[in-house]
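Chain by chain, the residues run as shown.
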Amino acid sequence: MIRISQTIEVSHVDITRKANYYKRRFNSPDGLTLYQLYEIAEDLDIIFHSGSFGEMKGAYYYIERTKHIILSNTLSEIEEAFVLSHELGHAIFHRTQTCFFNQRYAMAFKPRMEREADEFSAKILLPSQIPIDELSYYTLYQLASLYNVPAELMRIKLDLPK
């Protein structure tokens, strides 16, 4: 028998609350580090797998009541933090779903679960507020570099169109 499960849309408030919970837990209001992300994964009893998977940067899957995250071994540290936080978003909000991370989706056409995981990633890796003077002085790419995140993540944080 094949079981098809439906997912419930996660609200922006729920995503913000969960990201803020982890920021408070680690006393990191400016965003979590890669090490702290791995601590969250350990607390969630996630099993890790690593390898080279072509265009796929990461994946989350749930099988036999066990959570798994796959991470490409070709990621830079910045990409690894982004992909890991994205996959943690799936582990937290889409626990029983299988989700693959690749960059083929344009932001406007990403499936809902992918947009939710991206939003969680942006909220957990970046400060809640970016100083207004930085917003007016730096370009999107400079801000991303300043905060050590991919430009796509900064675009999500600032709610800018692609």
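Our subject is the structure listed above.
These figures come from a predicted structure and were not determined experimentally.

Draft legend 1. Molecular detail of the packing of helix H2 (residues 34-43) against helix H3 (residues 77-93). Interaxial distance between H2 and H3 falls to 10 Å at its minimum, and their mutual angle equals 30 degrees. Taken together, the axes of H2 and H3 lie roughly parallel to each other. In this structure, H2 meets H3 at a crossing whose hand is left-handed. Seen from H2, the contacting residues are Leu34, Leu37, Tyr38, Ile40 and Ala41; seen from H3, they are Glu77, Glu80, Ala81, Leu84, Ser85 and Leu88. By residue class, the composition of the contact of H2 with H3 is eight nonpolar, one polar and two charged.

Draft legend 2. Up close: H3. If you check H3, its first and last C-alpha atoms are 24 Å apart, about what 17 residues at 1.5 Å a residue would give, namely 24 Å. With respect to burial, H3 is a largely interior element, twelve of its 17 residues being buried. Where H3 is concerned, the buried positions are Ala81, Phe82, Val83, Leu84, Ser85, His86, Glu87, Leu88, Gly89, His90, Ala91 and Phe93.

Draft legend 3. Geometry of the pairing of strand S2 (residues 58-63). Judged from the six bridges that link them, S2 and strand S3 (residues 66-72) form a sheet pairing that is antiparallel. Residue pairing in the sheet places tyrosine 61 in a bridge with histidine 68 of S3. Where S2 hands over to S3, the hairpin turn is made up of two residues, of which glutamate 64 adopts a positive phi near 50 degrees.

Draft legend 4. The arrangement of the nonpolar core in detail. With 38 residues, the main nonpolar core has Leu37, Leu88, Ile124 and Met154 as its most contacted residues. Elements supplying a minimum of two residues to this core: helix H1 (12-25), H2, S3, H3, helix H4 (112-125), helix H6 (140-146) and helix H7 (151-157). Ranked by the residues each element gives to this core, the list is headed by H3, at seven residues. With near-sequence residues (within four places) excluded, isoleucine 124 lies in contact with Ala19, Tyr22, Lys23, Gly31, Leu32, Leu37, Ile40 and Ser85.

Reading guide: rules and limits
Residues numbered from 1 in each chain as written. Predicted model: local features only at pLDDT ≥ 70, side-chain atom pairs only at ≥ 80, totals over all residues. Heavy atoms only, no water. Axes fitted to C-alpha atoms, helices over the stretch in contact; angles between N-to-C directions. Helix = DSSP H or I, 4+ residues; strand = E, 2+ residues; numbered from the N terminus. Parallel < 35°, antiparallel > 145°, perpendicular 65-115°, else oblique. Left-handed = near helix turned anticlockwise from the far one by under 90°. Contact = heavy atoms within 4.5 Å. Nonpolar A, V, L, I, M, F, W, Y, C, P; charged D, E, K, R; others polar. Expected span 1.5 Å × (residues − 1). Buried < 20%, exposed > 50% of the residue type's maximum accessible area, 1.4 Å probe, protein only. Pairing = 2+ DSSP bridges. Core = buried A, V, L, I, M, F, W, Y, C linked by side-chain atoms within 4.5 Å.

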